[in-house]
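# Examining the three-dimensional arrangement
Here are the chains, one letter per residue:
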Amino acid sequence: MQVENTKAQMRKGILELCILSILADERKYATEIIEHLKDAKMIVVEGTLYPLLARLRSAKFLTYEWEESKVGPPRKYYIITDEGKAFLSEITTGWNDLQQAVNQLKNTLNQKT
Amino acid sequence: MNKTVNVNLAGQHFYFDKAPKTKLEIYFVEIKKHFTDEVLCQEIMTDVEARIAELLHQKTTHPQQVTTIKNIEDIIEVMGEPNAYKIDEEEDKTEKTKQNKSLRKLFRDPDDRFFGGVASGVAHYFGLQIKWVRLIWLLLALFSWGGFTILYIALWVFVPLAKTTTEKFMMKGEAVNLSNIEKKLKKIFKT
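Notes on the structure follow. Treat the numbers as computed from the prediction; the structure is a model and nothing was measured.

## Details of the interface of chain A and chain B
Size of an interface: often given as the accessible area lost when the parts come together. Contacts between the two partners involve 22 residues from chain A, matched on the other side by 20 residues from chain B. In this assembly, chain A packs against chain B so that about 1,800 Å² is buried in total across both faces, 53% of it on carbon and sulfur atoms. Ranking the residues of chain A by area buried against chain B places E46, Y50 and P51 of chain A at the top, with a combined share of 29%. Taken together, chain A and chain B are joined by three salt bridges. Close ionic contact of R57 of chain A with E43 of chain B constitutes a salt bridge, the shortest N to O distance being 2.5 Å. There are eight residue pairs in polar contact (both at pLDDT 80 or more) connecting chain A and chain B. Broken down by element, the side of chain A that touches chain B gets its largest block of residues, eight residues, from helix α3 (residues 49-58) of chain A. Its residues assigned to classes, the side of chain A that touches chain B shows eleven nonpolar, five polar and six charged.

## A short note on the pattern of salt bridges
Within the structure shown, the criterion is met by 15 salt bridges over all chains. A salt bridge links K70 of chain B to D74 of chain B; the nearest nitrogen and oxygen atoms lie 3.0 Å apart. In this pair, K70 of chain B and D74 of chain B both sit in helix α3 (residues 69-79), four residues apart, roughly one turn of the helix. Taking relative accessible area as the criterion, D74 of chain B reaches 23% and is therefore assigned partly exposed. D111 of chain B is the salt-bridge partner of K168 of chain B, the closest N and O atoms lying 3.5 Å from each other. Of this pair, K168 of chain B sits in helix α8 (residues 165-172) while D111 of chain B is found in the loop between α4 (93-102) and α5 (118-126), placing the two residues 57 residues apart along the sequence. Judged by relative accessible area, which is 17%, K168 of chain B ranks as buried. What emerges from the salt-bridge pattern is a single network uniting K38 and E46 of chain A together with R51 and E54 of chain B.

## Details of the environment of T63 of chain A
All names here are of chain A. By the element assignment, T63 lies in strand β2 (residues 62-67). A C-alpha to C-alpha distance of 5.8 Å links T63 and Y78, two positions 15 residues apart in sequence. Setting aside residues up to four positions removed in sequence, T63 forms contacts with R57, Y77, Y78, I79 and T81.

## Some thoughts on the sheet that holds strand β1 (residues 4-9) of chain B
Residue and element names in this part refer to chain B. Spatial ordering of the open sheet is given by β1-β2-β3, a layout of three strands whose pairing is mixed. Where the open sheet ends on each side, the last strands, each with one partner, are β1 and β3 (66-67). Two strands pair when backbone bridges link them, and strand β2 (residues 12-17) and β3 are joined in this way by two bridges, in the parallel orientation. Bridge pairing in β3 places F16 opposite T67.

## Quick notes on the packing of aromatic side chains
Enumeration over the complete set of coordinates arrives at ten aromatic pairs over all chains. A ring pair is formed by F148 of chain B and Y152 of chain B, whose centres lie 6.1 Å apart and whose planes are at 55°; its orientation type is tilted. With F148 of chain B and Y152 of chain B both in helix α7 (residues 147-158), this residue pair falls four residues apart, about one helical turn. The buried category is assigned to F148 of chain B, whose relative accessible area is 8%. In this arrangement the basic side chain of R27 of chain A is found over the ring face of Y77 of chain A, its NZ or CZ atom lying 4.0 Å from the centre. A cation sits over an aromatic face here: K76 of chain A above Y64 of chain A, 4.3 Å from the ring centre.

## Considerations on the environment of A175 of chain B
By the secondary structure assignment, A175 of chain B is in the loop between α8 and α9 (178-190). C-alpha separation for the pair A175 of chain B and E30 of chain B, spaced 145 residues apart in sequence, amounts to 9.4 Å.

## Some details on the sheet that holds strand β1 (residues 28-29) of chain A
Residue and element names in this part refer to chain A. Sheet architecture is open: three strands sit in the order β1-β3-β2, paired in antiparallel fashion. Of all the strands in the sheet, the pair left with one neighbour each is β1 and β2. As paired strands, β1 and strand β3 (residues 75-80) are joined by two bridges and run antiparallel to one another. Bridge pairing links K28 to Y78 in β3. In this fold helix α1 (residues 3-23) packs onto β1, β2 and β3, with an angle of close to 100° to the strand it touches most, β3. Its contacts with the sheet place α3 against β2 and β3, and it is angled at close to 110° to β2.

Conventions adopted
Residues numbered from 1 in each chain as written. Chains lettered and ligands numbered in written order. Predicted model: local features only at pLDDT ≥ 70, side-chain atom pairs only at ≥ 80, totals over all residues. Heavy atoms only, no water. Contact = heavy atoms within 4.5 Å. Buried area = accessible area lost by both parts, 1.4 Å probe. Salt bridge = Lys/Arg side-chain N within 4 Å of Asp/Glu carboxyl O. Polar contact = N/O pair within 3.5 Å; in protein donor to acceptor, adjacent residues only side chain to side chain. Helix = DSSP H or I, 4+ residues; strand = E, 2+ residues; numbered from the N terminus. Nonpolar A, V, L, I, M, F, W, Y, C, P; charged D, E, K, R; others polar. Buried < 20%, exposed > 50% of the residue type's maximum accessible area, 1.4 Å probe, protein only. Pairing = 2+ DSSP bridges. Phe/Tyr/Trp six-rings, centres within 6.5 Å; stacked < 30°, edge-to-face > 60°. Lys NZ or Arg CZ within 6 Å of the ring centre and 35° of its normal. Axes fitted to C-alpha atoms, helices over the stretch in contact; angles between N-to-C directions.

What follows is the structure, given as structure tokens:
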């Protein structure tokens, strides 16, 4: 199994968590979300983001509004919904538990060897 | 000299050469293949178009500038190959073969025709050799007392001519994907 492929799969799984976290405090439009994700090295190409945004939107975790922009065409701002916030807090807990569990497992294994 | 075409992306106007326009069209077709849900697909494509328009906008220094194949290649590099848009791994193979099949459509072939290109279109559609279809046509024309002529004219009128490269691929039932389109474009530019 290729390392890169596994890493990509792991990233994809937690991308939704990241997207919701980025939007947790303020609304952002796609390009801003992309910048955050690229900075954090969570995505390599931008195409990955759009299907996820649409899926979160259809699950009612996100909504959007259009706003005129001074420099170009209107921008589509994504906003987290209350359901989205509830979902985010749940998966954040899930993520923390998982992280802890993996670390603990690795530690016990290390101690044995 | 290249023919320039007008392209509307997310409500903005761009001037394109023909080859980059085809390349972008194929790119969109390839992305859409990954989504079965119509509404979701529409939403994703609106966002993708808007982003591509934005990227193109950054590259154009004056409004009359023509978008080249290099511009589109750069954009695909940023956006990622169509595979990057796939969310779920499971719907992979079965979906793909299904969709490639259903992509075959009846068109009239403008490159190989006596009259309307109906025979060549039908031959492509059923995967037959064109000479047999023409032979059947001839026999039908002789023995159907004009009935066939009416049918032929009806087909001529109602079956669309394959105008774009995408349509020509669909006519032949070939997968509409970037590698096929590239081969085709290379052929065009060599001649």
